[in-house]
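Below, each chain spelled out in residue letters.
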Amino acid sequence: MNYSLKQLRVFVAVARYQSFSRAGDAIGLSQSAISHSMKELEAEVGVRLLDRTTREVILTNAGQRLASRVEPLLDELHAMLLDTRSFGTQHNGRVRIAASQTISAQLMPSCIARSQKDYPDITILLRDQAQRLVLNSVRNAEVDFGIVIEPGISPDLEGEVILHEPFLLLCREDHAFARQRAVQWQQLGEQPLVLQDYESGSRVLIDNALAKQGIAANVVQEVGHPATLYPMVEAGLGVSVLPALALPLPQGSQLVVRTLEPEINRALMLVRRKNRSLSPAAQAIWEEVKWQAAQLTKKRSLQGLL
């Protein structure tokens, strides 16, 4: 049968007011529109629902049976749609985010703290993972969205760049590089390098930067966590390249950072599954992370980092 919700609502109004004119006043339709709608509904169900006189409209037995069952169903449907609309605008529930260790440590604490003030009914659950696992978590819908280092083009993900930051040189304070204002990438070809391994999204970017400068890198140690770079370099095993977001340096260390020229940046991105909308709560936190990244860009000029 090809009937519409509008026809059923008109029928319920007629059954309630027992008058085409009063039903029309109640739901904002003309008397002729009410009459036309009722004729269409009766033709569709194949039975007379109303007996019409010049003064009143009376439900037939079939009409009474239909009205008694349809009216509560329409009320329930209306309540359900209102509940759905409410859910579509509310800012509560859980938001799951995955991010690499450096991003989790430097960007997310302030973001979570601010979100607790702005959205007290939203609970943020943060997964601290290597970049490869972050991307898998997003693809598998284990999290609402992730924060990664420019993962490249992926047909199943869509992203938005929120922050650009430069790579810096890390060395001991008694190293020859420490006496320079800036260090050329070309100079790293003569140095033993301590770098993060390929679980980090930055490693491929560093390799590409070295290759672009024609440098055959002498990587003597590869580590999994950025914090491990500091004691390795402080022990004199080599120098390192790290993103600005990995700062500040440990207090009391004998380490310094210097700019690398030419400046090469990495981009941080928010990523989510393609063609999948975020919940209102997740969208609110997505915007909150963007705002925090913008504030970090303003506060951390390169001179301030150094």
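Remember, predicted model here, so these are calculated numbers, not experimental data. (Residues numbered from 1 in each chain as written. Predicted model: local features only at pLDDT ≥ 70, side-chain atom pairs only at ≥ 80, totals over all residues. Heavy atoms only, no water.)

J.: Looking at this structure, how should I read the domain arrangement of the chain?
T.: Interfaces are often sized by the amount of accessible area the parts lose when they come together. Splitting the chain by domain gives domain 1 (3-85), domain 2 (91-160 + 266-301) and domain 3 (164-264). The distance between the C-alpha centroids of domain 1 and domain 2 comes to 49 Å. (Domains from an automatic or database assignment.)

J.: Hey, could you run me through helix α10 (residues 280-299) in this one?
T.: Helical geometry note: an α-helix holds 3.6 residues per turn, so side chains three or four residues apart project in the same direction. With 20 residues, α10 extends 29 Å from end C-alpha to end C-alpha; this agrees with the ideal 28 Å at 1.5 Å per step. Within the span of α10, buried status applies to Pro 280, Ala 281, Ala 282, Ala 284, Ile 285, Trp 286, Glu 288, Val 289, Gln 292, Ala 293, Gln 295 and Leu 296. (Helix = DSSP H or I, 4+ residues; strand = E, 2+ residues; numbered from the N terminus. Expected span 1.5 Å × (residues − 1). Buried < 20%, exposed > 50% of the residue type's maximum accessible area, 1.4 Å probe, protein only.)

J.: Mind showing me how you'd approach the layout of surface pockets here?
T.: A water-sized probe, rolled over the atoms, reveals where empty space remains. When its volume is computed, the largest pocket comes out at roughly 240 Å³. Along the walls of the largest pocket sit 13 residues, with Arg 9, Val 12, Arg 16, Leu 74 and Asp 75 positioned nearest its centre. Elements supplying a minimum of two residues to the lining of the largest pocket: α1 (5-17), α2 (20-27) and α4 (61-87). Ranked by the residues each element gives to the lining of the largest pocket, the list is headed by α4, at six residues. (1 Å grid on protein atoms, 1.4 Å probe; cavity = no way out; pocket = protein on both sides within 12 Å on 5 of 7 lines; lining within 4 Å. Points joined across faces, edges and corners; volume = space filled by probe spheres on them.)

J.: Would you mind going over empty space enclosed by the protein with me for this structure?
T.: Scanning all chains against the criterion turns up one cavity of 30 Å³ or more. Forming the boundary of the largest cavity are Gln 196, Ser 200, Ser 202, Arg 203, Ile 206, Leu 229, Val 241, Leu 242 and Pro 243. Among the secondary structure elements, those contributing two or more residues to the lining of the largest cavity are α8 (201-212) and β10 (240-243). By residue class, the composition of the lining of the largest cavity is five nonpolar, three polar and one charged. (Nonpolar A, V, L, I, M, F, W, Y, C, P; charged D, E, K, R; others polar.)

J.: Help me understand the packing of helix α6 (residues 108-118) against α10 in this model?
T.: Axes are the key here: two packed helices are described by the angle between their axes and the distance separating the axes. In contact at an axis separation of 10 Å, α6 and α10 are set at 130° when each is read in the N-to-C sense. In terms of their interaxial angle, α6 and α10 are classed as oblique. Considering the relative orientation of α6 and α10, their crossing is right-handed. In this structure, α6 uses Met 108, Ser 110, Cys 111, Arg 114, Ser 115 and Asp 118 to contact α10, whose residues at the interface are Ile 285, Glu 288, Val 289, Trp 291 and Gln 292. A breakdown of the residues in the contact of α6 with α10 according to their chemical character gives five nonpolar, three polar and three charged. (Axes fitted to C-alpha atoms, helices over the stretch in contact; angles between N-to-C directions. Parallel < 35°, antiparallel > 145°, perpendicular 65-115°, else oblique. Left-handed = near helix turned anticlockwise from the far one by under 90°. Contact = heavy atoms within 4.5 Å.)

J.: I'm lost on α2 in this one. Help?
T.: Listing the buried residues of α2 in full gives Phe 20, Ala 23 and Gly 24. Buried residues along α2 cover an arc of 100° about the axis, so they all sit on one side. In this structure, the buried side of α2 is in contact with α1, α3 (31-45), β1 (50-52) and β2 (57-59). Following α2 by one or two positions, Gly 28 adopts a phi angle in the positive range, close to 80°. (Arc of directions from axis to C-beta.)

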